[in-house]
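So you can see what is in the structure, the chains are spelled out below.
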Amino acid sequence: MIRLRPGALADAQSIAEVQVATWRDTYGGVLPTDMLVNMSIERHTTYWQAALLRQRAGECITVALVYYTIVGYGSAGPARGRFPVATGEVQTLYVLHDFQELGLGRALLRALFASLLRDGMRRAVIWVVAQNHSRFFYEAMGGIGRTIRTEQLWKTNVATIGYEWDNLDAAIHALDARMARTGR
């Protein structure tokens, strides 16, 4: 049984566990090994507790559960950086490796888009590490890679791609159609 719901303060540790596991799976060989090894569930729990407590207007944190276990999460809010007015940003979207290919990423993306749309955002962007193979997921979901920038993450220069959706309403309809066709 798969379901999505808004994140709650009690979810902070589970979100942190998913974050640490997915970062280690996703960014090995991309980000410094010592940074990945030293990721702390306790430190990330503290971060997510604060994020869940301080959610401002236009921000959301959504969790994906299989039965009663959080196996993925995503967050969104107003776009950071130089984007047109009414642009939202999917800030995080991670699903544990063993639960990928079940439609959870697609469902999370749709839920985040719907939240942004309800909050008046008409466009969206997500920044993806260029060496992250999940970038193909965003392309398949209709994102257009328009901007490449270099960010410094843990003293490492990393190329990131900004995938954009110009019309969130159309993006949601396309995701709905895809989920109806595939059953997930």
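Below or above, wherever it landed, is the structure these notes cover.

1. Focus on the nonpolar core
For step 1, the next point in the chain: The biggest cluster of nonpolar side chains holds 29 residues, and the ones touching the most others in it are Leu-93, Leu-109, Phe-113 and Trp-165.
For step 2, the next point in the chain: Of all the secondary structure elements, the ones that give two or more residues to this core are strand S2 (60-66), strand S3 (69-78), strand S4 (87-95), helix H4 (104-118), strand S5 (123-129), strand S7 (156-165) and helix H6 (168-182).
For step 3, the next point in the chain: Of all the elements, H4 adds the most residues to this core, at 7 residues.
For step 4, the next point in the chain: Discounting chain neighbours no more than four positions away, the residues touching Trp-165 are Leu-109, Phe-113, Arg-123, Ala-124, Ile-126, Tyr-138, Met-141, Gly-142, Gly-143 and Ala-171.

2. A short note on the packing of aromatic side chains
For step 1, the next point in the chain: If you walk through the whole model with that rule in mind, you get 9 aromatic pairs.
For step 2, the next point in the chain: Ring geometry for Tyr-47 versus Trp-48: centroids 5.0 Å apart, planes at 85 degrees, classification edge-to-face.
For step 3, the next point in the chain: In textbook terms, an aromatic cluster arises when at least three aromatic residues are bridged by ring pairs, as seen for Trp-23, Tyr-27, Tyr-47, Trp-48, Tyr-73 and Tyr-94.
For step 4, the next point in the chain: Positioned over the ring face of Trp-127 is Arg-149, at 3.6 Å from the centre of the ring.

3. Examining the packing of helix H1 (residues 12-27) against helix H3 (residues 41-53)
For step 1, the next point in the chain: Two numbers describe how H1 lies on H3: the axes approach to 8 Å, and their chain directions differ by 125 degrees. In this view, H1 runs oblique relative to H3, as classed from their interaxial angle. Read as a crossing pair, H1 and H3 show a hand that is right-handed. Every residue of H3 that contacts H1 at Ala-12, Gln-13, Ile-15, Ala-16, Glu-17, Gln-19 and Val-20 is listed here: Ile-41, His-44, Thr-45, Trp-48, Gln-49 and Leu-52.
For step 2, the next point in the chain: Looking at the contact of H1 with H3 residue by residue, the classes come out as 7 nonpolar, 5 polar and 1 charged.

4. Focus: the sheet that holds strand S1 (residues 2-6)
Backbone-to-backbone hydrogen bonds join strands into a sheet, with any given pair of strands oriented parallel or antiparallel.
For step 1, the next point in the chain: Read from one edge of the open sheet, 7 strands run S1-S2-S3-S4-S5-S7-S6, paired in mixed fashion. Each edge of the open sheet is held by one strand with a lone partner, namely S1 and strand S6 (144-153). For this sheet the average axis-to-axis angle between neighbouring strands, irrespective of direction, equals 25 degrees.
For step 2, the next point in the chain: Pairing geometry for S6 and S7, over 9 bridges, is antiparallel. Within S7, the residue paired with Thr-150 across the bridge is Ala-159.
For step 3, the next point in the chain: Docked against the sheet, H3 engages S2, S3 and S4, running at close to 120 degrees with respect to S2.
For step 4, the next point in the chain: Each of S1, S2, S3, S4, S5 and S7 touches H4; the most contacted strand, S4, lies at about 155 degrees to it.

5. Concerning a nonpolar patch on the surface
For step 1, the next point in the chain: Together, Met-1, Tyr-67 and Tyr-68 make up an exposed nonpolar region whose accessible area comes to about 460 Å².
For step 2, the next point in the chain: Of note, Tyr-67 is situated in the loop between S2 and S3.

6. Digging into H4
For step 1, the next point in the chain: For H4, built from 15 residues, the straight-helix expectation of 21 Å at 1.5 Å per residue is met to within 8% by its first-to-last C-alpha distance of 21 Å.
For step 2, the next point in the chain: Of all 15 residues in H4, 12 are buried; the element is thus mostly enclosed.

Parameters at a glance
- Residues numbered from 1 in each chain as written.
- Predicted model: local features only at pLDDT ≥ 70, side-chain atom pairs only at ≥ 80, totals over all residues.
- Heavy atoms only, no water.
- Core = buried A, V, L, I, M, F, W, Y, C linked by side-chain atoms within 4.5 Å.
- Buried < 20%, exposed > 50% of the residue type's maximum accessible area, 1.4 Å probe, protein only.
- Helix = DSSP H or I, 4+ residues; strand = E, 2+ residues; numbered from the N terminus.
- Contact = heavy atoms within 4.5 Å.
- Phe/Tyr/Trp six-rings, centres within 6.5 Å; stacked < 30°, edge-to-face > 60°.
- Lys NZ or Arg CZ within 6 Å of the ring centre and 35° of its normal.
- Axes fitted to C-alpha atoms, helices over the stretch in contact; angles between N-to-C directions.
- Parallel < 35°, antiparallel > 145°, perpendicular 65-115°, else oblique.
- Left-handed = near helix turned anticlockwise from the far one by under 90°.
- Nonpolar A, V, L, I, M, F, W, Y, C, P; charged D, E, K, R; others polar.
- Pairing = 2+ DSSP bridges.
- Patch = residues over 30% accessible without salt bridge, like charges linked within 9 Å, V, L, I, M, F, W, Y side chains within 5 Å.
- Areas by Shrake-Rupley, 256 points an atom, 1.4 Å probe, with all protein chains shown as cover.
- Salt bridge = Lys/Arg side-chain N within 4 Å of Asp/Glu carboxyl O.
- Expected span 1.5 Å × (residues − 1).

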